[in-house]
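# A closer look at the structure
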Amino acid sequence: MPEPKSLRCPTCGREFPPWSVDYFCPDCGFPAGNLEVLYPYVQVGLGFPRAEAFSLWRYEALLPVGEEHAVPLRAGGTPLYPWPKAARKLGLGGVWIKDDTLQPTASCKDRGTALAVAVARKLGRKALSCASTGNAASSLAGFCAAGGIPCYIFVPKAAPAPKIAQLMAFGAHVFRVDGTYDQAFSLALAASQEFGWYNRSDGLNPMVVEGNKTVSFEIWEGLGEVPEAVVVAVGDGAVIAGVCKGFLELRAAGLASRVPRVFGVQAAGAAAVAHAFGRYQRGEPILPAEEPADTLADSIRVGKPADVVKAVKYVAETAGGYVTVSDEELLSAARDLASQAGVFAEPAGAAPYAALLRLVKEGILGREDRVVLIITGSGLKDPQGVTQGLPEPPLIRPDLEAVRKAVEKCA
Ligand SMILES: *Cc1c(COP(=O)(O)O)cnc(C)c1O
Ligand SMILES: [Zn+2]
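Presented here is an overview of the structure given in this document. (Residues numbered from 1 in each chain as written. Chains lettered and ligands numbered in written order. Predicted model: local features only at pLDDT ≥ 70, side-chain atom pairs only at ≥ 80, totals over all residues. Heavy atoms only, no water.)

## Observations concerning unusual backbone geometry
With an omega of 0°, the peptide bond between Phe-30 and Pro-31 qualifies as cis. The residue Pro-31 is located in the loop between β2 (15-16) and β3 (36-38) in this model. Despite not being glycine, Ala-106 has its phi angle at roughly 75°, a positive value. Position of Ala-106 among the secondary structure elements: in the loop between β5 (94-99) and α2 (109-122). (Helix = DSSP H or I, 4+ residues; strand = E, 2+ residues; numbered from the N terminus.)

## Quick notes on the packing of aromatic side chains
Considering all chains together, one arrives at 12 aromatic pairs under this definition. In this structure an aromatic cluster arises from ring pairing among Tyr-152, Phe-154, Phe-175, Phe-195 and Trp-197. A cation over a ring is seen here: Arg-58 above Tyr-59, with NZ or CZ 5.3 Å from the ring centre. (Phe/Tyr/Trp six-rings, centres within 6.5 Å; stacked < 30°, edge-to-face > 60°. Lys NZ or Arg CZ within 6 Å of the ring centre and 35° of its normal.)

## Brief notes about the sheet that holds β2
Spatially, three strands are ordered β2-β1-β3 in an open sheet, and the strand pairing comes out antiparallel. Both edges of this open sheet fall to β2 and β3, since each of them pairs with a single strand only. When strand β1 (residues 6-8) meets β3, the two strands line up antiparallel, connected through three bridges. Bridge pairing in β3 links Leu-7 to Val-37. (Pairing = 2+ DSSP bridges.)

Interpretation in functional terms is not warranted from these geometric data alone.
Below, the structure is given as structure tokens:
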């Protein structure tokens, strides 16, 4: 039976008994006080059992709750594909794609949701809620549908239609907020306190990071060791906080001897975490950030990152860093990933590939480095975003002569 040791405030260091506080340190508040979950790492030394069904629940020794509280949807256990063509082209020791689009609701959010929903069940909470740019919402809606639990979702009015479609199909109570994601986030927090809902919002709920970190356990197991670098897209910072925490915990538990450098990628027009990281590197404190957020990558269009403290601190602990890329680089990364690796990602999902091109160009990564790109969301979530500017397929007469003519035009 897993049992966390304590909850700790990442800003003031105050500790709380497990389950005594839901979200943040009362002294530091949100977002500076968003809690981290600590375990008795020495007891995990034997590693994880082999499991029949490959899901994130096999890492129960480092999770706050066990599978007995889970709903029957499989999160985790996603493929890790080698991409040797990219490694050769870029002169790297190796490139792998961790395909987190292959989860029940088609994004990385299912890892954090699996944990948040299981914890809600353990604690006897009757309903869940979240604010989301789309993916966390559809993820929560799916897992709540599987568990027969009501959920209340706050999305910004600009969320893409396919994500709203998923929400409606799952039967969630959906509120489209006439405002930005950041406004939807604050509203969901206030409403959850008012109505007693357990809030799964990214960054706010420490259990989400506990699910997110399992992607690192899978990368470590899949490669048989830790790579030199891991790259992932960043909005609120809960995913990258989980990625770093997973590797840091493997080292704390004595299962790995080192941690990879973890690199976060943000859109140039929505780069609050990257900017906070820059200030931290110059010796300034990590303060709650608020900036305009403008990018076509809706999943990382975040101006007030909710998990900025962990996203900055943990990345620094891995000796990693942050990269910002333009919307054009995001789009072209999504197309390259689809056409050269067969992995169809939404623009935010493909961002790590755009970042990799930069990291190689700037000489930050090179021949000695084996790099894992975490692809966080499916292209089916935002097909219009990815296909903007691509040519329409030709319409042909239903005869062979027309095919012959069309084939001549294929490059
Ligand atoms: C949520 C999400 C991210 C970033 O996660 P944060 O916790 O907000 O930093 C990246 N890519 C996709 C596809 C996402 O849905
Ligand atoms: Zn505190």
